[in-house]
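Per-entry structural report
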Amino acid sequence: MLELRNVSKYYNAGTVNEMCLFRNFNLSIEDGEFISVVGSNGSGKTSMLNIICGSIEVDSGSIWLQDSEITNVKEYKRLEKIGRVFQNPAMGTCPNMTILENMSIADNKGRPYNLGRGISKKRNAHYQSLLSQLNLGLEDKLQVKVGSLSGGQRQALALLMSTMTKIDFLILDEHTAALDPKTAEIIMELTDKLVTEKKLTTIMVTHNLRYAVEYGNRLIMMHEGKAILDKKGKERDSLKVDDVLDIFNDISIESGN
Amino acid sequence: MTLVLSVLEQGMIYAIMALGLYITYKILDFPDLTVDGSFPMGVAITALMISKDMNPLLTLPVSFLLGALVGICTGLIHVKLKVRDLLSGIIMMTALYTVNLRIAGRANLPIYNNTTIFDNDFVNAVVPESLSRFKTVLIILIITLIVKYILDWYLHTRSGYILRAVGDNEAIVTAMAVDKGKIKIIGLAIANGLVSLSGCVFAQQQRFFDISMGTGTMVIGLASVIIGTSLFKKITVMRVTSSVIVGSIIYKACVAIAIKFGFGSTDLKFITAALFLFILVIGKERNHKVKEKPEQAVKAEAQQEKNSGRR
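Keep in mind that this is a model prediction, so the values were computed, not measured.

1. Focus: the overall build of chain A
- Within chain A, the regular secondary structure consists of nine helices and ten strands.
- For chain A, whose C-alpha radius of gyration is 19 Å, the value lies close to the compact-globule estimate of 18 Å for 257 residues.
- With the C-alpha coordinates aligned to their principal axes, the bounding extent of chain A is approximately 55 × 40 × 35 Å.
- Within chain A, the fraction of its 257 residues that count as buried is 42%.

So, in structure tokens, the structure goes:
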């Protein structure tokens with residue numbers, strides 16, 4: 001379980017440009033939930049993910065993970081149990097290293113990066129079987145540098161790498177936004193498969209309302225730092241794309257977008 | 001013949017330093033000016049130890065460790081005190097000028113009559129008289145190759161992988177639950193250790209320490225790295241480390257030829273700078289620090305706009 005308790009975050013505090021992003025924001029995420037988060041630009045979706053991961057600090061309030069406070073835990077320490085995929089496919093992989101080297105690094109997460117050999121040949125078959133489920137032909141390209149792959153291939157690899165070791169949380173930050181519609185579809189299906197298989201608690205930020213409704217078991221709509229819509233269970237299942245779109249339009253008109 | 005020998009000797013000595021710069025410049029993408037101070041530091045500590053008649057073999061590990069310590073300092077300034085990479089190096093380089101003077105005790109310290117790794121009872125007994133003019137180049141070759149193979153091995157360990165990852169994409173290192181600052185410090189330590197080790201061998205080959213020896217180290221090293229990596233880019237069987245070593249020898253040869261064609265030794269630094277500029281332009285490496293990243297971001301943004309337009 002992950003909890004944000006009374007979290008406040010200001011940008012440019014103390015200046016004329018002061019902007020309040022969150023004021024006493026609360027959110028609790030149960031284990032096994034797959035949350036889709038939607039909302040307009042600047043509504044605080046990505047900032048919320050950054051706060052959870054520790055990429056940005058909060059001004060007040062606390063963050064709790066499985067009943068222990070992690071507010072002051074450094075980003076890299078928190079990521080031991082969190083996997084994160086970014087919007088930009090280049091963020092999740094090392095372009096100048098081969099697919100095999102990238103996967104070896106990801107495979108070693110949680111263990112020391114010591115003077116042992118970087119690649120263990122015994123694991124190659126395992127990597128190939130993981131890659132073959134992508135159906136992108138990457139399993140035959142272990143020695144190819146990731147920089148020469150397409151955005152979709154890289155994102156698929158990034159998704160695979162972030163879920164290779166045992167993690168509690170998967171954070172997806174508009175991870176299909178930079179992909180063409182067909183590739184986005186493939187990545188979403190893969191995401192769903194990985195989440196179900198590994199029983200990952202997942203938070204997915206997306207601008208695609210159809211994905212938000214189609215995937216996951218809880219839906220949150222953010223607006224000006226508040227969760228104005230939070231549906232789970234039966235309520236969530238009866239939700240349709242058009243309903244979400246209507247609410248979305250209402251708040252957009254309200255704020256003049 | 002003497003010219004060829006001296007090019008090979010100095011080329012391979014500077015190659016050790018270039019391997020260090022390969023780590024900071026190519027792998028970490030960190031323009032580390034500390035080397036202008038850590039190279040003469042290796043020279044200074046070696047000159048001091050040799051002048052005190054210590055075992056010359058001991059100078060190698062001592063120089064490496066001292067250089068590594070300096071690299072750690074640069075890393076701490078950059079990572080913990082959040083000073084920009086270029087400035088951290090400049091701060092250390094400036095401070096090291098004084099440190100080097102203190103180590104050597106004065107601005108110039110000759111060690112002409114002392115035992116060195118090239119000139120000691122053991123080497124003189126093993127190498128026959130007829131080959132004595134090659135003994136220096138042979139010993140340098142052995143040292144450089146040992147350094148190369150250790151570095152090759154290291155870059156293929158897990159630690160080496162994460163080091164390469166930190167220069168390639170910092171976000172990935174954080175995502176692997178590793179402190180990227182720590183990895184940068186390790187990289188800087190190894191790099192400056194190698195640079196100082198190169199200074200150690202240089203001191204014993206030149207047989208003196210001079211405070212101005214470090215000026216331009218960075219330029220020489222970068223030129224070697226860029227010549228090596230761009231010249232042998234296509235040859236995949238050749239390890240990058242070997243390319244850097246050959247690059248360093250080629251660079252030294254270019255400088256030697258320039259001097260042969262009438263330039264005086266006072267023109268050396270100008271030749272160094274001009275040659276480096278020439279290599280940068282030819283090698284198209286000018287924008288290394290800001291390569292790729294903005295381009296990718298722009299691409300991703302454009303694609304995102306395209307997608308949102310479609311929906």
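Next comes the rest of the write-up.
2. Side note on the overall build of chain B
- Counting its secondary structure elements, chain B contains 13 helices and two strands.
- Rg of the C-alpha trace for chain B: 21 Å, near the compact-globule value of 19 Å for 311 residues, within the 12% margin.
- Along the longest, intermediate and shortest principal axes, the C-alpha atoms of chain B span 80 × 40 × 35 Å.
- Among the 311 residues that make up chain B, the fraction classed as buried is 46%.

3. Observations regarding the sheet that holds strand β4 (residues 60-65) of chain A
Residues and elements named next belong to chain A.
- Read from one edge of the open sheet, four strands run β2-β1-β4-β5, paired in antiparallel fashion. Each of the sheet's edge strands pairs with one partner strand only, and the pair in question is β2 (19-29) and β5 (68-69).
- Taken strand by strand, helix α1 (residues 45-53) contacts β1 (2-11), β2 and β4, and its axis lies near 115 degrees from that of β1.

4. A look at the interface of chain B and chain A
- In this complex, chain B contributes 28 residues to the contact, which on the side of chain A involves 35 residues.
- Breaking the side of chain B that touches chain A down by element, the ones donating at least two residues are α7 (158-168), α8 (170-175) and α13 (293-310) of chain B.

5. Focus on the environment of M12 of chain B
All names here are of chain B.
- Residue position: M12 is located in helix α1 (residues 2-27).
- In this structure M12 comes out as buried when scored by C-beta crowding, with 27 C-beta atoms within 10 Å.
- Excluding residues within four positions of it along the chain, M12 makes contact with I140, L141, T144, I245 and I249.

6. Re the pairing of strand β10 (residues 226-232) of chain A
Residue and element names in this part refer to chain A.
- Bridging between strand β9 (residues 218-223) and β10 involves six bridges; their strand directions are antiparallel. Its bridge partner being in β10, H223 is matched across the sheet by K226.
- Count of turn residues in the β9/β10 antiparallel hairpin: two residues, of which E224 carries a positive phi of about 50 degrees.

7. Overview of helix α3 (residues 99-107) of chain A
- Of all nine residues in α3 of chain A, eight are buried; the element is thus mostly enclosed.
- Regarding α3 of chain A, the residues found buried are I99, L100, E101, N102, M103, S104, I105 and A106 of chain A.

8. Quick word on the packing of helix α11 (residues 240-260) of chain B against helix α12 (residues 268-283) of chain B
Residue and element names in this part refer to chain B.
- Where α11 meets α12, the axes come as close as 10 Å, and the angle between the chain directions of the two elements is 130 degrees. Our classification of the angle between α11 and α12 gives oblique. For the element pair α11 and α12, the recorded crossing hand is right-handed. Taken together, the residues of α12 that come into contact with α11 (itself represented by C254, V255 and A258) are I271, T272 and L275.
- For the contact of α11 with α12, the per-class residue count stands at five nonpolar, one polar and no charged.

9. Notes on the environment of L239 of chain A
All names here are of chain A.
- With respect to the helices, strands and loops of the structure, L239 is situated in the loop between α8 (233-237) and α9 (241-254).
- Assessed through the 16 C-beta atoms surrounding it within 10 Å, L239 is described here as partly exposed.
- Other than its neighbours up to four places away in sequence, L239 contacts V213, L219, K231 and V244.

10. Some points on the sheet that holds β9 of chain A
Residue and element names in this part refer to chain A.
- Spatially, the six strands line up as an open sheet ordered β6-β7-β8-β3-β9-β10, and their pairing is mixed. Every interior strand has two partners, whereas the edge strands, β6 (82-85) and β10, have only one. Strand after strand, the sheet turns through a mean of 15 degrees between neighbouring axes, direction not considered.
- Across the face of the sheet, α1 comes into contact with β3 (34-39), β6, β7 (169-173), β8 (201-205) and β9 while running at roughly 145 degrees to β7.
- Strands β6 and β7 of the sheet are contacted by helix α5 (residues 151-162), whose axis makes an angle of about 175 degrees with β6.

11. What about the packing of helix α2 (residues 35-51) of chain B against helix α3 (residues 56-79) of chain B?
All names here are of chain B.
- Direction vectors running N to C along α2 and α3 enclose 145 degrees, while the axes themselves pass 9 Å from each other. Remark: the crossing between α2 and α3 carries right-handed chirality. Touching S38, M41, G42, I45, T46, M49 and I50 of α2 are P56, L58, T59, V62, S63, L66, G67 and V70, all from α3.
- Taken together, the residues of the contact of α2 with α3 sort by class into nine nonpolar, six polar and no charged.

12. Quick word on unusual backbone geometry
Residues and elements named next belong to chain A.
- The phi dihedral of D67 falls on the positive side, at around 65 degrees, and the residue is not glycine.
- Mapping D67 onto the fold places it in the loop between β4 and β5.
- Residue class for D67 comes out exposed when judged on the 7 C-beta atoms lying within 10 Å of it.
- Phi is positive for E224, which is not a glycine, with a value near 50 degrees.
- If you trace the backbone, E224 turns up in the loop between β9 and β10.
- For E224, a count of 17 C-beta atoms within 10 Å gives the class partly exposed.

13. Details of the pairing of β8 of chain A
Residues and elements named next belong to chain A.
- Extensive coverage of β8 is indicated by the burial of five of its five residues.
- Here β8 shows no split at all, with T201, I203 and V205 on one side and T202 and M204 on the other all buried.
- Where β7 lies against β8, five bridges are found, and the strand directions are parallel. Considered in β8, the bridge of I171 is made with I203.
- Read as a crossover between parallel neighbours, the route from β7 over helix α6 (residues 181-198) to β8 is right-handed.

Conventions we followed
Residues numbered from 1 in each chain as written. Chains lettered and ligands numbered in written order. Predicted model: local features only at pLDDT ≥ 70, side-chain atom pairs only at ≥ 80, totals over all residues. Helix = DSSP H or I, 4+ residues; strand = E, 2+ residues; numbered from the N terminus. Rg over C-alpha atoms; globule rule 2.2 N^0.38 Å. Buried ≥ 20, exposed ≤ 12 C-beta atoms within 10 Å, placed from the backbone. Pairing = 2+ DSSP bridges. Contact = placed C-beta atoms within 7 Å. Axes fitted to C-alpha atoms, helices over the stretch in contact; angles between N-to-C directions. Parallel < 35°, antiparallel > 145°, perpendicular 65-115°, else oblique. Left-handed = near helix turned anticlockwise from the far one by under 90°. Nonpolar A, V, L, I, M, F, W, Y, C, P; charged D, E, K, R; others polar. Right-handed = clockwise from strand over helix to strand, strands pointing away.

By themselves, these are just geometric observations and shouldn't be taken as functional.
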